[in-house]
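# A structural walkthrough
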Amino acid sequence: MAGKTIKIRQIGSPIRRPKEQRAILTGLGLGKMHREVELVDTPEVRGMIRKLPHMVEVIEG
């Protein structure tokens, strides 16, 4: 089940953010600034990224 992967970096702080946004960051495996994770590129992960465009960035390459 190893499909295409996507690399995500956290660029925004979860401090003073709504509980829902902090929960999405945790679900992505993030939580501290400048941390990077590599996840399988699924519609669910893409939807989570779309909810936090101000807090995460997709790293190409």
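Residues numbered from 1 in each chain as written. Predicted model: local features only at pLDDT ≥ 70, side-chain atom pairs only at ≥ 80, totals over all residues. Heavy atoms only, no water.

### Let's talk about the side chain of Gln 21
Counted only if it meets this: The numbering of helices and of strands both runs from the N terminus, where a helix is a DSSP run of H or I of at least 4 residues and a strand a run of E of at least 2. Note on definitions: a residue-residue contact is assigned when non-hydrogen atoms from the two residues lie within 4.5 Å.
Within the fold, Gln 21 resides in helix H1 (residues 19-28). Sequence-distant contacts of Gln 21, that is, excluding residues within four places in its chain, are made with Leu 52, His 54 and Met 55.

### Notes on the environment of Glu 57
The criterion, for reference: What qualifies as a polar contact is a pair of N or O atoms within 3.5 Å, subject to a donor-acceptor requirement within protein and to the restriction that residues adjacent in sequence count only when both atoms come from side chains.
Assignment of secondary structure puts Glu 57 in strand E3 (residues 56-59). Considering only alpha carbons, one finds Glu 57 and Arg 16, 41 residues apart in sequence, at a separation of 19 Å. In this structure, Glu 57 is in contact with Lys 7, Ile 8, Arg 9 and Ile 11, ignoring residues within four places of it in sequence. Separated by 2.7 Å, the side chains of Glu 57 and Arg 9 make a polar contact.

### Focus on the pattern of salt bridges
Oppositely charged side chains are able to pair whenever their charged atoms sit close together. Heads up, the condition is: Throughout this description, the term salt bridge denotes a Lys or Arg side-chain nitrogen within 4 Å of a carboxyl oxygen of Asp or Glu.
The final tally for this structure, using the stated rule, is four salt bridges. Between Arg 9 and Glu 57 there is a salt bridge, with its nearest N and O atoms 2.7 Å apart. Residue Arg 9 is located in strand E1 (residues 5-10), and its partner Glu 57 is located in strand E3; the two are separated by 48 residues in the primary sequence. Measuring nitrogen to oxygen at the nearest pair gives 2.9 Å for the salt bridge that ties Arg 46 to Asp 41. What emerges from the salt-bridge pattern is a single network uniting Lys 7, Arg 9, Glu 36 and Glu 57.

Everything listed here is a matter of coordinates, which is why it stays silent on function.
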